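Summary of structural features
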Amino acid sequence: MNIIYNSRFTIRNSKFEVRSSISFLLIFLLLLLGIPGFVLAEAGIANKYIGDKGIENDPDVIFAENFEAGTVTDIVTHWTDSQNTAGMSLVSDVPSGSSGTRSLQMTSIGGTNTGGYLYKKLSTGYDHIYFRFYIKYASGGTYHHTGGRLGGYNPPTNWPQGGAGIKPTGSDRFSIAAEPNGDFPYTTDGSPRFDFYIYWMNMRNSSDGKYWGNDFINDPNIMTVFDKWVCVEVMVKLNNPLSSYNGELAMWIDGKKIIHLGEGFPNGKWAWDSFFPDSSGTPFEGFQWRNVEELKINWVELIHYVTQDSTGYVGRAWFDDVVVATKYIGPINTLTDIPSPPTGLIIK
């Protein structure tokens, strides 16, 4: 029989004594850390829902789409606007750990169409938001704008607005895209960098004098991965007060924070419309996303837009497990069961 005294306890059939309940908790945590899919650091909303099952009911979730309900026609009704739904289909290919069985495939055909999108106008505007989506890029094609986008329109619209090459005023719009970035051909191995593509009131102009989306990561180690599901999450925090530069922007890939920009961080250098993080540079000025209160984060979009594929080439991208929330979401919790603590313990 185990003998317990002076707040000490022993584990049956063990050659050592654990001298406090704190030690017991440490052992339990170590057991958890040894399980694939368990992440102790920066656990988000998804950590509470194995396989994302039920995440749409979380009080901090604004919108969720797992492409499990009915047909493409049915799913389009969850969104506000769409394009080229004839080029969309539901396929039996999902991210690891997902509780679903289907994802959405978007296609483009060189010389025939440029792809499609799903656009969601949120029911209200937000000052701080997280947008997570899973995406898989097919190898072999090109990508102009393929990924997840979010932003704000004033006034809100039921469709995505244009504005390519034009600098926003601070009262009309801003947009943030997470997508492959770079000129064609991309690199020697055919992979484009993964980066932001951003329009906002203080954006920098290109060498041609026009305003194209600004990029901020510029890390040759952060490349677009082909033929593999990737979890991308973007956080946007608007500036408040309106005259300030305390807006923020961050990106996570597969749960790892890739970059976080705000007033005074990180250090870096500008080269036309590209910001290069560099410890020897000057502190980033921060984001003044807007100069009127009415401009809020009020839309998200999944887009596959291609312009340089050869005639007849079918480009593809897959999307799944989309979540929009007011708190960090994180990757899908891939645990199949929560471990129980060791038995045979008596604590006094």
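Residues numbered from 1 in each chain as written. Predicted model: local features only at pLDDT ≥ 70, side-chain atom pairs only at ≥ 80, totals over all residues. Heavy atoms only, no water.

This next bit is on the overall build of the protein chain. When helices and strands are tallied, the protein chain shows 2 helices and 19 strands. Counting across all 348 residues of the protein chain, residues that qualify as buried make up 47%. Across the protein chain, the fraction of contacts at a sequence separation of at least 24, relative to all contacts at a separation of at least 6, is 69%. When the accessible surface of the protein chain is split by element, carbon and sulfur atoms take 54% of a total near 16,300 Å². (Helix = DSSP H or I, 4+ residues; strand = E, 2+ residues; numbered from the N terminus. Buried < 20%, exposed > 50% of the residue type's maximum accessible area, 1.4 Å probe, protein only. Contact = heavy atoms within 4.5 Å. Areas by Shrake-Rupley, 256 points an atom, 1.4 Å probe, with all protein chains shown as cover.)

Looking now at the sheet that holds strand 17 (residues 282-283). Spatially, the 3 strands line up as an open sheet ordered 16-15-17, and their pairing is antiparallel. Edge strands, defined here as strands with exactly one partner in the open sheet, are strand 16 (274-277) and strand 17. (Pairing = 2+ DSSP bridges.)

With that settled, the discussion passes to the confidence of the model for the protein chain. Here the protein chain shows a mean pLDDT of 88. Residues at 70 or above account for 82%. Per-residue pLDDT stays below 50 along residues 1-41; that stretch engages in 47 contacts with residues further than four places along the chain or on separate chains. (pLDDT = per-residue confidence, 0-100.)

Right, let's get into the pairing of strand 13 (residues 248-253). A large share of strand 13 lies buried, amounting to 6 of its 6 residues. On strand 13, burial covers both faces: Glu248, Ala250 and Trp252 on one face and Leu249, Met251 and Ile253 on the other are all buried. With 5 bridges connecting them, strand 13 and strand 14 (residues 256-261) associate as antiparallel partners. Counterpart to Ile253 in the pairing with strand 14 is Lys256. Here strand 13 hands over to strand 14 after 2 residues, with Asp254 in that stretch at a positive phi of 50°.

To continue, consider the sheet that holds strand 18 (residues 297-305). What the 6 strands build is an open sheet, ordered 4-7-18-9-10-11; its pairing is antiparallel. Across the chains shown, the open sheet's two edge strands, defined by having one partner strand only, are strand 4 (81-83) and strand 11 (193-199). With direction set aside, neighbouring strand axes in the sheet form an average angle of 15°. Two strands pair when backbone bridges link them, and strand 9 (residues 145-153) and strand 10 (residues 173-181) are joined in this way by 6 bridges, in the antiparallel orientation. Bridging from a neighbouring strand, Arg149 pairs with Ala177 of strand 10. (Axes fitted to C-alpha atoms, helices over the stretch in contact; angles between N-to-C directions.)

This part takes up the environment of Phe63. By the secondary structure assignment, Phe63 is in strand 3 (residues 61-65). Residue Phe63 is classed as buried on the basis of its relative accessible area of 9%. Residues Phe63 and Val322, 259 residues apart in the sequence, show an inter-C-alpha distance of 8.0 Å. Once residues lying within four places of it in the same chain are set aside, the contact partners of Phe63 are His78, Trp79, Lys120, Val322, Val323 and Val324.

Applying the stated criterion across every chain yields a total of 11 salt bridges. With a closest N to O distance of 2.4 Å, Asp52 and Arg132 form a salt bridge. Of the two residues, Asp52 sits in the loop between helix 1 (21-33) and strand 3 while Arg132 sits in strand 8 (residues 128-137), which places them 80 residues apart along the sequence. Take Asp52: its relative accessible area is 7%, and that puts it in the buried class. (Salt bridge = Lys/Arg side-chain N within 4 Å of Asp/Glu carboxyl O.)

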